[in-house]
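# Per-entry structural report
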Amino acid sequence: GAGVSQSPSNKVTEKGKDVELRCDPISGHTALYWYRQSLGQGLEFLIYFQGNSAPDKSGLPSDRFSAERTGGSVSTLTIQRTQQEDSAVYLCASSRSGRLSNTGELFFGEGSRLTVL
Amino acid sequence: AQSVTQLDSQVPVFEEAPVELRCNYSSSVSVYLFWYVQYPNQGLQLLLKYLSGSTLVKGINGFEAEFNKSQTSFHLRKPSVHISDTAEYFCAVSDPYSGNTPLVFGKGTRLSVIA
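It should be emphasised that the depicted structure is a prediction, and the values quoted were computed from it without experimental measurement. (Residues numbered from 1 in each chain as written. Chains lettered and ligands numbered in written order. Predicted model: local features only at pLDDT ≥ 70, side-chain atom pairs only at ≥ 80, totals over all residues. Heavy atoms only, no water.)

A few words on the overall build of chain A. Across its full length, chain A holds zero helices and ten strands. Reading the helices (α) and strands (β) of chain A from amino to carboxyl end gives β-β-β-β-β-β-β-β-β-β. Its C-alpha atoms give chain A a radius of gyration of 14 Å, near enough to 13 Å, the size a compact globule of 117 residues would have. C-alpha extents for chain A along the principal axes are approximately 45 × 30 × 25 Å. Considering chain A as a whole, with its 117 residues, one finds that 49% of them fall into the buried category. Of all intrachain contacts in chain A linking residues separated by at least 6 positions in sequence, the fraction that spans at least 24 positions is 56%. Carbon and sulfur atoms form 44% of the exposed surface of chain A, whose accessible area is close to 5,800 Å². Taken together, the 12 basic and 12 acidic charged side chains of chain A have centroids lying 1 Å from each other. (Helix = DSSP H or I, 4+ residues; strand = E, 2+ residues; numbered from the N terminus. Rg over C-alpha atoms; globule rule 2.2 N^0.38 Å. Buried < 20%, exposed > 50% of the residue type's maximum accessible area, 1.4 Å probe, protein only. Contact = heavy atoms within 4.5 Å. Areas by Shrake-Rupley, 256 points an atom, 1.4 Å probe, with all protein chains shown as cover. Lys, Arg positive; Asp, Glu negative; His and termini not counted. Charge placed at Lys NZ, Arg CZ, Asp CG, Glu CD.)

Attention now goes to the side chain of B:Gln38. Of note, B:Gln38 is situated in strand β5 (residues 32–38). Side-chain polar atoms of B:Gln38 contact the backbone oxygen of B:Gln42, separated by 3.0 Å. Ignoring anything within four residues of it in the chain, the contact list for B:Gln38 reads A:Gln37, B:Gly43, B:Leu44, B:Ala87, B:Glu88 and B:Phe90. (Polar contact = N/O pair within 3.5 Å; in protein donor to acceptor, adjacent residues only side chain to side chain.)

This part covers the sheet that holds strand β6 (residues 65–69) of chain A. Within a beta sheet, neighbouring strands are joined by backbone hydrogen bonds and run either parallel or antiparallel to one another. Residues and elements named next belong to chain A. Taken together, the four strands give an open sheet; going across it, the order is β1-β3-β7-β6, and neighbouring strands pair in antiparallel fashion. Sheet topology places β1 (5–7) and β6 at the edges, where each strand pairs with a single neighbour. Averaged over all pairs of adjacent strands, the angle between their axes in this sheet comes to 15 degrees, without regard to strand direction. (Pairing = 2+ DSSP bridges. Axes fitted to C-alpha atoms, helices over the stretch in contact; angles between N-to-C directions.)

Residues and elements named next belong to chain B. Inspection of every chain in the model, using the stated rule, returns two disulfides over all chains. Sulfur-sulfur distance for the disulfide between Cys23 and Cys91 comes to 1.9 Å. Measuring handedness by torsion sign, the sulfur bridge of Cys23 and Cys91 sits at about -65 degrees and is left-handed. In this pair, Cys23 is assigned in the loop between β3 (19–21) and β4 (24–25) and Cys91 in strand β10 (residues 87–94), connecting sequence segments 68 residues apart. We note that Cys23, like Cys91, is buried. (Disulfide = S-S within 2.5 Å.)

Structure follows, in structure tokens:
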């Protein structure tokens, strides 16, 4: 598609359940990012994939969070044993790669709103 | 590591009045600077960016921002706001020499335009 696509747009789950959030980046973009947006907290970086390099996981808040990117395209963010504090909007973004072409501009999806009851 | 401070969490302003949303970043030799806008129930979209060159940057919807290296600021301005400008605005910074390291965002400023 033309833009970054995320699914589901809304997810309500019970505490303790696992959830998976999906991101389909813009075709040709090799860099993919996950951010978390909580009320009053702005955007919190979670994880970053660049091509075939090892992902930068420095922003993941706990070992309950993980993400993978298959075939250098679609990414899945998994949250295990969800807690109420995981409730937030999870945003995915993609960008072109390459140091010389990197303007740092990110293209965002509309996000997946997660509510943990 | 880079950091961004948006000094105002909420800014109410009357329609057709001017507005300035403030942004300061931590000092670095070189930076790329961005303002993103998020309309209600939508994702973020780029408003404008500073990469190099002229310190006054013009973006979409009549917004502009000025890069001030000595004050490490990148304040966003619009001379006359519309109701449709009601949104959350995020300032972000990246280091151009660190490859694709993630953008660092401020906590956002919620602009409310009052009729």
